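Structural features, examined
Now for the letters of each chain:
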Amino acid sequence: MFRSVISIFLFVCMGLVAKSQPKGFHAIPDPAAFKIKLAEIGKATQTIKSNFIQEKNIQVVSEKIISKGTFRFKKQNKVRMEYVHPYHYLLIINNDKVQIKDDQKTNSFSSKSNKLFTIINNIIIDCVQGTALDNKDFSSTVYTNDKNYLLVLKPVKKGLQDFFASISVYLDIKDGSVIKIELLEPSGDNTVITFTDKEINVPISDAEFSTD
Amino acid sequence: MRNSVLISILFLSLGCSPSPYVHLTKQEGKAPCLQSLRPQFSTVLYNAQVNVSGNHLSGLLLFKTMPDSSIRAIFTNEMGVSFFDFEFAKTGFRVVSCISKMNKKVVINRLRSDLSLLIMYGLKLDQPEIFLAGNETYYSFVLKNEHVYYVTDVTCSRISRIETASKRKKKIQVNLTGNDSGMPDSVYLAHQSFEYNITLKKIIR
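Residues numbered from 1 in each chain as written. Chains lettered and ligands numbered in written order. Predicted model: local features only at pLDDT ≥ 70, side-chain atom pairs only at ≥ 80, totals over all residues.

This paragraph deals with the nonpolar core. In globular proteins that are soluble, nonpolar side chains generally tend to be buried together. Core analysis: the biggest nonpolar cluster contains 41 residues, and Ile123, Ile124, Cys127, Leu151 and Val169 of chain A have the highest contact counts within it. With six residues, the single largest contributor to this core is helix H3 (residues 115-128) of chain A. Discounting residues that sit within four places of it in the chain, Ile124 of chain A has contacts with Phe73, Val79 and Val178 of chain A. Listed in part, the 36 residues of the second largest apolar core include Ala73, Leu118, Tyr139 and Val151 of chain B. (Core = buried A, V, L, I, M, F, W, Y, C linked by C-beta atoms within 7 Å. Buried ≥ 20, exposed ≤ 12 C-beta atoms within 10 Å, placed from the backbone. Helix = DSSP H or I, 4+ residues; strand = E, 2+ residues; numbered from the N terminus. Contact = placed C-beta atoms within 7 Å.)

In structure tokens:
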């Protein structure tokens, strides 16, 4: 009888663990070692140049909005994200300064004044610089499989919880670079940004991080 | 002459002006054609720019006709974060979702009214008053305390603009281009009494 109860208990526990883990991933055995590895990779990454495809899935109306563009990162804290199809939109973060250029206007403001716009890019910066697990706005869990690391970040503050249920960051297990980011909204809609044609530590001019 | 001056002074002193629609001539017995110009579409995506009192916001506005013939209007920013999802159904208007910063009655009602103009929501299209002015036909509807005018050419082949007005002044003007079928290619909606305008440009995917 006792054995049966233990067996059932273990079975239920295994089921819960399996349910909480992303499909195809298992919990990383040594999170502390991973954190050190991430920091080392970040230290070695000076620049990233890549393209990206963004897919917004609006579940309830079965609609996808796909956009494409280019991504640039340069140490410290410089990001350029330029959407070129099917609309033009440019977002530049240069330390505390944010510039947004759309069809009508170029706006400049402090990153402290518009948190939403900078969250996504700060996550990328955090991942690239190896500080993703230190972000106090999120609780984090790390998973792995034979190809990727997966960081699942859950917002701890109410303001962020309005926008995101979780943010999943997929890293290449070989070089630690960001492969894709999935932003899951409370409604179940999600946005997946996949980075392609990555070039690490190639020269990128500072002029790329300004709309001037 | 003396009377005109007195009338002008009276209008000025009351802070009002004669209706901008006094030049319209009412047409009796003209068959309404607006029903045929109601936008028919499956999905339309716009690049949207909004300017309100010195603040600028941009994003993507998706209109989709659902299988039950209701229309959804979903606004996201360029990076995919959803701002609102509205449903315009025969049974009524519903806020499906809205971020807390925008989820205020005055904001929702304003957006609801503005978007309703574009999709001709909440109008009895077969019961307009019809007016003529030059080469244009005005199809007029009364909504609460406002008049809504859909302005077409004489042959009623396309809607060139939409206007709303109180008894004395124009409140909103919406200029449309490229709306031969479905939703217009571009929209410029401007409130006349305060700085608030919306520009939409259709995105070809």
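That covers the picture; the talk isn't over yet.
The amide bond that connects Lys75 of chain A to the next residue, Gln76 of chain A, takes the cis arrangement and shows omega of -10 degrees. Relative to the elements of secondary structure, Gln76 of chain A occurs in the loop between strand S3 (63-74) and strand S4 (78-85). The omega angle of the peptide bond from His85 of chain A to Pro86 of chain A is 0 degrees, so this bond is cis rather than trans. Along the chain, Pro86 of chain A turns up in the loop between S4 and strand S5 (89-94). We note that Met120 of chain B has phi near 55 degrees; this positive angle belongs to a residue other than glycine. For Met120 of chain B, the position within the fold is in the loop between helix H2 (105-119) and strand S7 (129-133). Given 18 C-beta atoms within a 10 Å radius, Met120 of chain B is considered partly exposed.

A few words now on the pairing of strand S2 (residues 47-58) of chain A. Residue and element names in this part refer to chain A. Pairing of S2 with S3, which is carried by 12 bridges, proceeds in the antiparallel orientation. Pairing of Ile53 across the sheet is with Lys68, part of S3. The turn linking S2 back onto S3 is made up of four residues, and Ser62 within it adopts a positive phi angle of 50 degrees. Bridge count for S2 against strand S12 (residues 190-200) is nine bridges, and the pairing is antiparallel. Residue Asn57 lies in a different strand from S12, and its bridge partner there is Asn190. (Pairing = 2+ DSSP bridges.)

So, on to the sheet that holds strand S7 (residues 106-110) of chain A. All names here are of chain A. The strand order across the open sheet built from 12 strands is S1-S8-S9-S10-S11-S12-S2-S3-S4-S5-S6-S7, with neighbouring strands paired in antiparallel fashion. Of all strands in the sheet, those bounded by a partner on one side alone are strand S1 (26-27) and S7. Summarising the sheet, strand S6 (residues 97-101) and S7 pair through five bridges and their orientation is antiparallel. Bridging from a neighbouring strand, Lys101 pairs with Thr106 of S7.

Confidence along chain A averages 84 in pLDDT terms, with 86% of residues attaining 70 or more. Residue range residues 5-19 of chain A is modelled with pLDDT below 50. Its contacts to residues more than four positions away, or to other chains, number zero contacts. (pLDDT = per-residue confidence, 0-100.)

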